[in-house]
Amino acid sequence: MHVEVREGPLSPWQELADFEAGLPGGKSGATASFVGSMRDFNEGESVVAMFLEHYPGMTDKFLRRIATEAAERWPLDALFLVHRVGEIRPADAIVVIGVWSAHRRDAFEACRYLIEELKSRAPFWKRETRPDGPHWVAGNTPG
Amino acid sequence: MHVEVREGPLSPWQELADFEAGLPGGKSGATASFVGSMRDFNEGESVVAMFLEHYPGMTDKFLRRIATEAAERWPLDALFLVHRVGEIRPADAIVVIGVWSAHRRDAFEACRYLIEELKSRAPFWKRETRPDGPHWVAGNTPG
Amino acid sequence: MTINIKLFARFREQYRLDETEVTPAAGDAPVTAAALWQQVVGEPLPDSALVAINMEYVAPDAPVADGDEVAFFPPVTGG
Amino acid sequence: MTINIKLFARFREQYRLDETEVTPAAGDAPVTAAALWQQVVGEPLPDSALVAINMEYVAPDAPVADGDEVAFFPPVTGG
């Protein structure tokens, strides 16, 4: 299990490949993944930059907890979760989640659980820079 | 939209990255993906090799149809689907599906739809080689 | 009237038949996919069999027409 | 009794307060997170506010103890 809050770039596909290369092959029949990326628009307005604030300590603890909960609730072989903080640019990956399991239902459900818990409860806050200045994003849309 | 039946190796993460590199950035906030891989066991028996038979013509047509249906049913920005046929080795990727959308619910639902339709209706048949000889896999487990 | 019959996977091995052309037995009733199977294989179509005419799924009692490609195969197991 | 208070994101900017130490006002009632907010900020805790004590989510009326870290923040927007 790899869980990380990262200030710096994220290459989701490369990192999923690298992580998978360290797993025993032939065990997991199913891998579900989710990548959340920065859009260059929100509520009809263009977004030119973003800052992602977090609560050092609590954010990491919270992500580890939901990862542990997912691993208890579904039979998983491996789990990868990285979320960025700090300056983000349009089209950058913000979060990547990968879940390996013997069966696809478990992989999908665990992956969906992780992103929904993260979106609704993990202490991250987006401040978008739009043409008229900075705006704190008010809330996430339900999944 | 990229839909392909391939006889030859598949590098799921690299190919998702390459496909994504050709998309306009900043549009899709959410990418859901699924990778199905060959396990080295099935029903408690070890599996040393696999042959994937298909129905040339119909298989390709069927995959294109479900991809088109997914793109009609959910607001998608892009869709990537490759399924292998022929000789497969343990831990090899068999199928990779990637779905890009503005919102995660649409990406997840379309990705899940594609793999469920594929598993239940796409004309592919697995013949596993186990220690006691070849076995046609009897059926897929429900998703 | 000539129909092209194809079998796949376990069916192909079990009935030792890959592909064949068949002229339906004479009669007044419309020729169905299941009737062609009975004629070619000599036993009823298994309940689990899937049937496609011209690469589209159909019910076993779907009528066939001259020149059709009729495929029979077991439950699919891709993915 | 000293409590460490932290505000994040929009709350931090709106109330111009990042982090502070506070000694709860004297009284017989148990000290709650919401009461500390009222004491520090001078107005009631917004309904949408999330509260954590020692980095664990709690209800706004959760009691606080000496040395606790009490954080207040708006709805989260990661992912």
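No experiment lies behind these values; they were computed from the predicted model shown.

*Asks:* Lay out the interface of chain A and chain D with the relevant residues and their values.
*Replies:* At the junction of the two partners, chain A supplies 28 residues and chain D supplies 20 residues. Taking both partners together, chain A and chain D bury about 2,000 Å²; carbon and sulfur atoms supply 56% of that area. Seen at the junction of chain A and chain D, the total is four salt bridges. In this structure, the salt-bridge partner of Glu56 of chain D is Lys61 of chain A, at a minimum N-O distance of 3.2 Å. Counting residues per element, the ones that place at least two in the side of chain A that touches chain D are β5 (49–54), α2 (58–73), β7 (93–101), α3 (104–121) and β8 (124–130) of chain A. The element contributing the most residues to the side of chain A that touches chain D is α3 of chain A, with five residues.

*Asks:* Go over the sheet that holds strand β1 (residues 3–7) of chain C, please, and point to the residues and values.
*Replies:* Across the sheet, which stays open at both edges, the five strands sit in the order β2-β1-β5-β3-β4 (chain C) with mixed pairing between neighbours. The open sheet terminates on both sides in strands that have one partner only, identified here as β2 (19–22) and β4 (56–58) of chain C. Strand-to-strand, the axes of this sheet are offset by a mean angle of 30 degrees, without reference to chain direction. Taken together, the four bridges between β1 of chain C and strand β5 (residues 69–73) of chain C define a ladder with parallel strand orientation. Looking at β5 of chain C, one finds that Asn4 of chain C is bridged to Glu69 of chain C. Against the sheet, helix α2 (residues 58–73) of chain B contacts β3 (50–53), β4 and β5 of chain C, and its axis sits at roughly 90 degrees relative to β4 of chain C.

*Asks:* Go over the pairing of strand β6 (residues 76–84) of chain B with me, naming the residues and quoting the values.
*Replies:* Residues and elements named next belong to chain B. Counting buried positions over the nine residues of β6 gives eight, a clear majority of the element. Pairing of strand β1 (residues 2–6) with β6 involves five bridges; the strand directions are parallel. Paired with Arg6 across the strands is Arg84, a residue of β6. Alignment of β6 against strand β8 (residues 93–101), held across seven bridges, turns out to be antiparallel. Bridging from a neighbouring strand, Leu76 pairs with Ser101 of β8.

*Asks:* Please give an account of the pattern of salt bridges that cites residues and values.
*Replies:* Scanning the model with the defined rule gives 30 salt bridges over all chains in all. Taken together, the salt bridges that share partners define one network made up of Glu4, Arg6 and Glu15 of chain A.

*Asks:* Describe the interface of chain B and chain A, with residues and values.
*Replies:* Frequently, the measure chosen for interface size is the accessible area removed from exposure when the parts meet. Between chain B and chain A, the residue contacts involve 36 residues of the former and 36 residues of the latter. Considering only the surface of chain B that becomes buried against chain A, Trp13, Arg104 and Phe108 of chain B emerge as the three largest contributors, covering 28% of it. Counting every contact that joins chain B to chain A gives two salt bridges. A salt bridge links Arg104 of chain A to Glu116 of chain B, with the shortest nitrogen-to-oxygen separation between them at 2.8 Å. Here chain B is connected to chain A by 11 residue pairs in polar contact (both at pLDDT 80 or more). Secondary structure elements with two or more residues in the side of chain B that touches chain A: α1 (12–21), β2 (30–37) and α3 (104–121) of chain B. Considered class by class, the residues forming the side of chain B that touches chain A number 16 nonpolar, 11 polar and nine charged.

*Asks:* An account of the side chain of Asp106 of chain A is needed here, citing residue identities and associated values.
*Replies:* Residues and elements named next belong to chain A. By the secondary structure assignment, Asp106 is in helix α3. Despite being buried, Asp106 has no salt bridge partner; Arg105 is the closest side chain of opposite charge, sitting 6.1 Å away. Not counting the four nearest positions on each side in its chain, Asp106 is found in contact with Trp74, Pro75, Leu76 and Ser101.

*Asks:* Tell me about the confidence of the model for chain C, residues and numbers included.
*Replies:* Averaged over every residue, the pLDDT of chain C is 95; the share at 70 or more is 100%. Both confidence scores are given for the complex: pTM 0.95, ipTM 0.93.

*Asks:* Now, about the packing of aromatic side chains: what can you tell me, with residues and values included?
*Replies:* All names here are of chain C. Under the criterion given, the structure shown has 33 aromatic pairs over all chains. With a centroid separation of 5.5 Å and 55 degrees between ring planes, the pair formed by Phe11 and Trp37 is classed as tilted. Of the two residues, Phe11 is situated in helix α1 (residues 9–14) and Trp37 in helix α2 (residues 33–41); the sequence distance between them amounts to 26 residues. Judged by its relative accessible area of 1%, Phe11 is buried.

*Asks:* I'd like a rundown of the sheet that holds strand β3 (residues 50–53) of chain D, residues and numbers included.
*Replies:* Residue and element names in this part refer to chain D. What the five strands build is an open sheet, ordered β2-β1-β5-β3-β4; its pairing is mixed. Two strands bound the open sheet, and with one partner strand each, they are β2 (19–22) and β4 (56–58). Pairs of neighbouring strands in the sheet enclose a mean axial angle of 30 degrees, with direction left out of account. Bridge analysis of β3 against strand β5 (residues 69–73) gives four bridges, and the strand direction is antiparallel.

*Asks:* Quick rundown of the relation of the copies chain B and chain A? Include the residues and the values.
*Replies:* Superposing chain B onto chain A takes a rotation of 180 degrees plus a shift of 0.0 Å along the axis, which leaves an RMSD of 0.0 Å. The relationship between the two copies is best expressed as a two-fold rotation axis. Same-surface contact between copies: 100% of interface residues of chain B are shared with the interface of chain A.

*Asks:* Hey, could you go over the packing of helix α1 (residues 12–21) of chain A against α1 of chain B for me, with residue numbers and the actual values?
*Replies:* Running from N to C, α1 of chain A and α1 of chain B cross one another at 175 degrees; their axes reach a closest spacing of 8 Å. In terms of axis orientation, α1 of chain A runs roughly antiparallel to α1 of chain B. Contacts between α1 of chain A and α1 of chain B involve Trp13, Leu16, Ala17 and Glu20 of chain A from the former and Trp13, Leu16, Ala17 and Glu20 of chain B from the latter. A breakdown of the residues in the contact of α1 of chain A with α1 of chain B according to their chemical character gives six nonpolar, no polar and two charged.

*Asks:* How would you sum up the nonpolar core? Please name residues and give values.
*Replies:* Leu63 and Leu114 of chain A, Leu63 and Leu114 of chain B, Phe73 of chain C together with Phe73 of chain D are the most contacted members of the largest nonpolar core, which totals 88 residues. Among all residues touching Leu114 of chain B, those that are not within four sequence positions of it are Ile66, Ala67, Ala70, Leu79, Leu81, Ile97 and Val99 of chain B.

Each value, and the rule that gives it
- Residues numbered from 1 in each chain as written.
- Chains lettered and ligands numbered in written order.
- Predicted model: local features only at pLDDT ≥ 70, side-chain atom pairs only at ≥ 80, totals over all residues.
- Heavy atoms only, no water.
- Contact = heavy atoms within 4.5 Å.
- Buried area = accessible area lost by both parts, 1.4 Å probe.
- Salt bridge = Lys/Arg side-chain N within 4 Å of Asp/Glu carboxyl O.
- Helix = DSSP H or I, 4+ residues; strand = E, 2+ residues; numbered from the N terminus.
- Pairing = 2+ DSSP bridges.
- Axes fitted to C-alpha atoms, helices over the stretch in contact; angles between N-to-C directions.
- Buried < 20%, exposed > 50% of the residue type's maximum accessible area, 1.4 Å probe, protein only.
- Polar contact = N/O pair within 3.5 Å; in protein donor to acceptor, adjacent residues only side chain to side chain.
- Nonpolar A, V, L, I, M, F, W, Y, C, P; charged D, E, K, R; others polar.
- Lys, Arg positive; Asp, Glu negative; His and termini not counted.
- pLDDT = per-residue confidence, 0-100.
- Phe/Tyr/Trp six-rings, centres within 6.5 Å; stacked < 30°, edge-to-face > 60°.
- Least-squares fit on C-alpha atoms with pLDDT ≥ 70 in both.
- Parallel < 35°, antiparallel > 145°, perpendicular 65-115°, else oblique.
- Core = buried A, V, L, I, M, F, W, Y, C linked by side-chain atoms within 4.5 Å.

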